[in-house]
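Analysis of the macromolecular model
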Amino acid sequence: MKILMVCLGNICRSPLAHGVFTNLVEKEGLDWTIDSAGTGDWHVGEQPDRRSVAIAKKHGIDITAQKAQLFQTSFFDDYDRIFVMDENNYDDVIALARNDEDQEKVSKFLLEGDVPDPYFDASQFEAVYQMIENRCEELLRDLKSEN
Ligand code: 4NP
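Residues numbered from 1 in each chain as written. Predicted model: local features only at pLDDT ≥ 70, side-chain atom pairs only at ≥ 80, totals over all residues. Heavy atoms only, no water.

1. A word on the environment of Leu70
Examined against the element boundaries, Leu70 turns out to sit in the loop between α2 (50-58) and α3 (75-78). Note on Leu70: relative accessible area 27%, which makes it partly exposed. For the pair Leu70 and Gly38, spaced 32 residues apart in the sequence, the C-alpha separation amounts to 5.0 Å. In this structure, Leu70 is in contact with Ala37, Gly38, Thr39, Gly40, Asp41, Val44 and Phe75, ignoring residues within four places of it in sequence. (Helix = DSSP H or I, 4+ residues; strand = E, 2+ residues; numbered from the N terminus. Buried < 20%, exposed > 50% of the residue type's maximum accessible area, 1.4 Å probe, protein only. Contact = heavy atoms within 4.5 Å.)

Right, dumping it as structure tokens:
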């Protein structure tokens, strides 16, 4: 199973989802690949935002080895499922889909609503972390039961 988490910059939200989900699948001993990407290229090659690094570290997760990358059309071939953090990410990824099969791989990460972008509001990082952790646990249960 290959899973891609997507947000805008690939430095705040999707690196947290990438790190939290990786931690959960490793704890379960699953041989799944988890990665993340952004729909914008401003931060390509950078480590996650220091505020995401700090909040992850506070919860025992090290995301410092991650490097931001831009979402590529070829990722539709590389991943089984693509989870996007908000509606804009959804529209941007769907715009790159080549066919129905590509489109069907894309889902919103949350069952309802968006993961808010904390980039311009540092006070949001803890709430965003909690939202991502809760959904990752649920998502792992759902994906395991599908496979
Ligand atoms: P992310 O947050 O999409 O959660 O990584 C953002 C990071 C950077 C920017 C916007 C959102 N930016 O405009 O540079």
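2. Details of the site of the ligand
Taken together, the neighbourhood of the ligand is formed by Cys7, Leu8, Gly9, Asn10, Ile11, Cys12, Arg13, Trp42, His43, Asp117 and Tyr119. At a separation of 2.8 Å, an oxygen atom of the ligand approaches a polar backbone atom of Gly9. Contact distances for the ligand include 2.8 Å between an oxygen atom and a side-chain N or O atom of Arg13. Across the complex, the protein chains shield 91% of the 360 Å² of accessible surface that the ligand would expose by itself. Split by residue class, the shell around the ligand holds six nonpolar, three polar and two charged. (Near = heavy atom within 4 Å. Polar contact = N/O pair within 3.5 Å; in protein donor to acceptor, adjacent residues only side chain to side chain. Areas by Shrake-Rupley, 256 points an atom, 1.4 Å probe, with all protein chains shown as cover. Nonpolar A, V, L, I, M, F, W, Y, C, P; charged D, E, K, R; others polar.)

3. Brief notes about the nonpolar core
Ranked by internal contacts, the top residues of the largest apolar core, which has 28 residues, are Ile3, Met5, Leu16, Phe21, Trp32, Phe109 and Ile132. Only β1 (2-7), α1 (13-27), α2 and α6 (125-146) provide two or more residues apiece to this core. Top contributing element to this core by residue count: α6, with seven residues. If we skip the residues at most four places from it in the chain, Ile3 touches Phe21, Trp32, Thr33, Ile34, Asp35, Tyr79, Arg81, Phe83 and Leu143. Ranked by size, the runner-up nonpolar core spans 13 residues in total, among them Ala37, Phe71, Phe76 and Val93. (Core = buried A, V, L, I, M, F, W, Y, C linked by side-chain atoms within 4.5 Å.)

4. Quick look at the sheet that holds strand β4 (residues 106-108)
Ordered in space as β2-β1-β3-β4, the four strands form an open sheet in which the pairing is parallel. Of all strands in the sheet, those with a lone pairing partner are β2 (33-38) and β4, marking the two edges. Strand after strand, the sheet turns through a mean of 25° between neighbouring axes, direction not considered. Contacting β1 and β3 (81-84), α6 runs over the sheet at an angle of about 160° to β3. (Pairing = 2+ DSSP bridges. Axes fitted to C-alpha atoms, helices over the stretch in contact; angles between N-to-C directions.)

5. Some remarks on the side chain of Asp86
Mapping Asp86 onto the fold places it in the loop between β3 and α4 (87-94). A polar contact is formed between the side chain of Asp86 and the side chain of Arg13, at a distance of 3.0 Å. With sequence-adjacent residues up to four places away left out, Asp86 is seen in contact with Arg13, Lys108, Asp114 and Val115.

6. Structural notes on α2
For an α-helix, 3.6 residues make a turn, and residues three or four places apart therefore share a direction. Residues of α2 that are buried: Arg51, Ser52, Val53, Ile55 and Ala56. The inward-facing, buried residues of α2 abut α1 and α6. A positive backbone phi angle near 85° is found at Gly60, which sits one or two residues after α2.

7. Digging into α4
By the burial criterion, the buried members of α4 are Asn89, Val93 and Ile94. The buried residues of α4 all sit within an arc of 125° when viewed along its axis, so they share a single face. Looking at the buried side of α4, the elements it contacts are β1, α1, α3, β3, α5 (100-104) and β4. Where α4 begins, the capping side chain belongs to Asp86, and its oxygen is found 3.0 Å from the backbone nitrogen of Asn88. (Arc of directions from axis to C-beta.)

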